[in-house]
Amino acid sequence: MQGGSESTRLTEALGPLHPTRDELDLQAYEARLARPVRVKAAELQRDGRLRHLIFAGQLSPALLDDLAETADQVRVLSKSRAGQDFLRDLLAHRRAMLYFTQPSTRTFLSFTAACQILGITCNEVRDPSTSSEAKGETRFDSIRMFSSYFDLIIMRSPVARLAESCAYLMNDLARSAQRSVPIVNAGSGADEHPTQALLDVYTLQRTFKFENPADSPVSRLDELRGRYGHADLSTGLAHKTYGFCGDIGRGRTVRSLAMLLADYPGVRLVFVTPDHPALRMRDDLRQRLAERGVPVLEVDSFEAPVDGVPAIEAIDALYMTRVQREHDTPADQESLARLDLSPYKLTRDLVARMKAYAPILHPFPRDQHFGEIPAEIDSDPRAMYFRQARNGMWVRAALLAHLLDADGAIERYFHREFREHHIYSS
Ligand code: NCD
């Protein structure tokens, strides 16, 4: 959310810490947080490159292609000992702080692994009760301290706009010639999760190349166009219908991914969710998608018609999500208990009706109690979620290389090795 109500929440959520300094700082940030995404994105860049990654609006299709290319190079280089040694040496002089004050498994570990691939030393703060925040230190002081010791801060917080505010703090420090480091948003409240959207797009980019059986349920475009009858099917993310199912209202990964997909031509987004105030799409996302001119369908069932066929048969990729119970108010708990949520779980029968090439993605964790994707679907070639998680490690390594200006060195080494040793893309 980019509007004023979220900014108010930021002040509330940060609470009564160091009233005078913090309040002044926050007032300054709130005015900046309320600006249009386009204006803010420019401030989060440096020399046409990302300086910080805070929200999906910073990632254009061209930049997503560049990051995917770097990720592919890192991935191939990591297959050989010589390539691994090269990568591990690349940023061995750099240190990263992982500041995660909200639960995380995949994002935390894949950033850790991405740092290790590039030789970046990392350290973590996960529990604020063990840091000086317990002594009344403001989060802004904590961040500034981290920037004294580390070269990059990767942060996850329940506070929606904290990462963005920290990026502005870093920019202000740079302007006054003080130490300043890049900030990466690894999940901010119910608002944004741009690096998850980055890995979701990277997964779709690989799938829709239709090249490698590990990435594509059917990897022969000629077969898909011929035998399977998808005559108009093209490679790439454009001209596709993307389905999202589950908790659209509170899933930050959906919000970030929908914004990225909206930038590709001919894309259509279908949201399958119960008509419940907590779960259906929030107005701000609906408005932002409308501003991009992307066709959006909001339906309450996989059986709802899209182009005259049930949605489950019309979509080119399906993004499942769990119901984010941790955000339930007591009123939500009561009203959700009365709803039949079974139509928002995948079954073998539903998967059998999907297009043969359509990948099933999920940011994970999936909820074993709710069962939005039963384990019996894992063996279907369309189940891409474990591959998707591994893709996250490679593309996060690419992002870190970009932020620390090492992507050019990777590219040069890759092409030299490729010419000399004919290593293969996989
Ligand atoms: C997601 C998150 O934290 O927003 N998890 C993740 O980072 N892969 C999705 C979720 O928690 O449902």
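Fair warning: this is a prediction, and the values are worked out from it, not measured in the lab. The residue count restarts for each chain, going from 1 along the sequence in the order it is written. Totals for whole chains, interfaces and linings use all residues, but because this is a predicted model, local features are given only for residues with pLDDT of at least 70 and pairs of side-chain atoms are given and counted only at 80 or more. Only heavy atoms go into the side-chain values, all of them from the structure, while hydrogens and water stay out.

1. Description of the pattern of salt bridges
Pairing between side chains of opposite charge can happen when the charged atoms of each approach one another.
Point 1. Within this document, salt bridges are pairs made up of a side-chain nitrogen of Lys or Arg and a carboxyl oxygen of Asp or Glu, the two lying within 4 Å of each other. For the structure shown, the criterion picks out 41 salt bridges.
Point 2. Close ionic contact of R325 with D328 constitutes a salt bridge, the shortest N to O distance being 3.7 Å.
Point 3. For every residue, the accessible area (1.4 Å probe, protein chains only) is compared with the maximum for its type, and the residue is labelled buried under 20%, exposed over 50%, or partly exposed between those bounds. For D328, a relative accessible area of 13% gives the class buried.
Point 4. Connected through salt bridges with shared partners, the residues K40, R161, E164, D191, E192, R255, D284 and R288 form a single ionic network.

2. Section: the site of the ligand
Point 1. Nearness is judged by heavy atoms alone; a residue qualifies as near a molecule or strand once a single heavy atom is within 4 Å of it. Around the ligand, the neighbouring residues are T107, R156, H193, Q196, R252, T253, R322, Q324, P363, F364 and P365.
Point 2. Nitrogen and oxygen atoms within 3.5 Å of one another constitute a polar contact, given that in protein one can donate a hydrogen and the other can accept it, and given that sequence-neighbouring residues count only through two side-chain atoms. The separation between a nitrogen atom of the ligand and a polar main-chain atom of P363 is 2.9 Å.
Point 3. Only the protein chains shown count as cover for residues, with accessible areas throughout obtained via the Shrake-Rupley method and a probe of 1.4 Å. Out of a free accessible area of 310 Å², the ligand has 92% covered by protein chains.
Point 4. Buriedness for pockets is judged along seven lines, at least five of which must meet protein on both sides within 12 Å for an open set on the 1 Å grid over protein atoms alone, while cavities are sets there where a 1.4 Å probe fits but cannot get out, and lining residues have an atom within 4 Å of a point. For this analysis, a molecule is said to be in a pocket or cavity if more than half of its atoms are within 2 Å of the grid points defining it. According to the grid-proximity analysis, the pocket containing the ligand is the largest pocket.
Point 5. For the shell around the ligand, the residue count by class is 3 nonpolar, 5 polar and 3 charged. As a working rule, the residues Ala, Val, Leu, Ile, Met, Phe, Trp, Tyr, Cys and Pro are called nonpolar, Asp, Glu, Lys and Arg charged, and the rest polar, with Gly in that last group.

3. Comments concerning the packing of aromatic side chains
Point 1. Centre distance within 6.5 Å is the pairing criterion for rings of Phe, Tyr and Trp, where only the six-membered ring of Trp is used; planes under 30 degrees apart are then read as stacked, over 60 as edge-to-face, and the remainder as tilted. Per the counting criterion, the structure on display carries 12 aromatic pairs.
Point 2. Seen in terms of ring centroids, F364 and Y385 are 5.4 Å apart; in terms of plane orientation they differ by 25°. Their pairing is stacked. Of the two residues, F364 sits in the loop between strand 13 (360-361) and helix 16 (385-403) while Y385 sits in helix 16, which places them 21 residues apart along the sequence. In this pair, the class of F364 matches that of Y385, namely buried.
Point 3. Over the face of the ring belonging to Y168 we find R35, whose NZ or CZ atom lies 5.3 Å from the ring centre.
Point 4. Here, over-ring charges are defined by two tests on the NZ atom of lysine or the CZ atom of arginine: distance to the ring centre within 6 Å, and angle to the ring normal within 35 degrees. Above the plane of the ring of F208 lies K240, whose end atom (NZ or CZ) is 4.8 Å from the centre. Strands here mean DSSP runs of E at least two residues long; helices mean DSSP runs of H or I at least four residues long; both are numbered from the N terminus.

4. Some remarks on a negative patch on the surface
Point 1. Two distance rules govern patches: like charges are joined within 9 Å, and nonpolar side chains (Val, Leu, Ile, Met, Phe, Trp, Tyr) within 5 Å, applied only to residues with over 30% relative accessible area and no salt bridge. When charges are counted, Lys and Arg are positive and Asp and Glu negative, with His and the chain ends excluded. Just so you know, the charge point we use is NZ for Lys, CZ for Arg, CG for Asp and CD for Glu. Taken together, D65, D66, E69 and E411 make up a surface patch of like negative charges.
Point 2. The element that contributes the greatest number of residues to the negative patch is helix 4 (residues 61-77), accounting for 3 residues.
Point 3. Positionally, E69 belongs in helix 4.
Point 4. A relative accessible area of 40% means that E69 is categorised as partly exposed.

5. What to know about the domain arrangement of the chain
Point 1. What the domain assignment lists for the chain is domain 1 (6-192 + 395-416) and domain 2 (216-383).
Point 2. Here domain 1 and domain 2 have C-alpha centroids that lie 28 Å from each other.
Point 3. Note on contacts: a residue pair is in contact if any heavy atoms of the two residues lie within 4.5 Å. Listed as interface residues are 14 residues of domain 1 and, on the opposing side, 14 residues of domain 2.
Point 4. Buried area is understood as the total, over both parts, of accessible area removed when two parts are fitted together, assessed with a 1.4 Å probe. Summed over both sides, the interface of domain 1 with domain 2 buries roughly 1,200 Å², with 50% coming from carbon and sulfur.
Point 5. The tally of links from domain 1 across to domain 2 stands at 2 salt bridges. Domain start and end points were adopted from an automatic or database domain assignment.

6. Here's the deal with the layout of surface pockets
In this approach, a probe sized like a water molecule rolls over the atoms, and the result shows the empty space that is left.
Point 1. Grid points are joined across faces, edges and corners, and a volume is the space filled by probe spheres set on the points. Its volume calculated, the largest pocket comes out at about 470 Å³.
Point 2. R156, R252, R322, F364 and P365 are, among the 24 residues lining the largest pocket, the residues nearest its centre.
Point 3. Sorting the residues of the lining of the largest pocket by element identifies helix 6 (106-117) and helix 11 (252-261) as the ones contributing at least two each.
Point 4. For the lining of the largest pocket, a count of residues per class yields 5 nonpolar, 13 polar and 6 charged.
Point 5. Counting the residues that make up the lining of the largest pocket, at least three belong to each of domain 1 (6-192 + 395-416) and domain 2 (216-383).
Point 6. Volume-wise, the second largest pocket comes out at about 310 Å³.
Point 7. Around the second largest pocket, the lining comprises 18 residues; the ones closest to its centre are D65, A68, E69, D72 and K209.
Point 8. Within the residue set of the lining of the second largest pocket, elements represented by two or more residues are helix 4, helix 9 (194-207) and helix 17 (407-421).
Point 9. A total of 6 residues in the lining of the second largest pocket trace back to one element, the largest contributor, which is helix 4.
Point 10. For the lining of the second largest pocket, the residue count by class is 8 nonpolar, 5 polar and 5 charged.
Point 11. Here the lining of the second largest pocket spans two domains, since at least three of its residues come from each of domain 1 (6-192 + 395-416) and domain 2 (216-383).

7. Remarks on the sheet that holds strand 6 (residues 183-188)
Point 1. Whether two strands pair depends on DSSP finding at least two bridges between them. The strand order across the open sheet built from 4 strands is 4-3-5-6, with neighbouring strands paired in parallel fashion. Only two strands of the sheet have a single partner each, and these edge strands are strand 4 (121-125) and strand 6. Looking at each pair of strands side by side, their axes are set apart by 15° on average, direction ignored.
Point 2. Where strand 3 (residues 95-100) meets strand 5 (residues 152-157), 5 bridges bridge the pair, whose relative direction is parallel. Note on strand 5: the bridge partner recorded for A96 is L152.
Point 3. Whenever a helix is involved, its axis is fitted only over the stretch in contact; in every case the axis is a line through C-alpha atoms, and angles between N-to-C directions fall within 0 to 180 degrees. Relative to the sheet, helix 6 contacts strand 3, strand 4, strand 5 and strand 6, its axis offset from that of strand 3 by approximately 180°.

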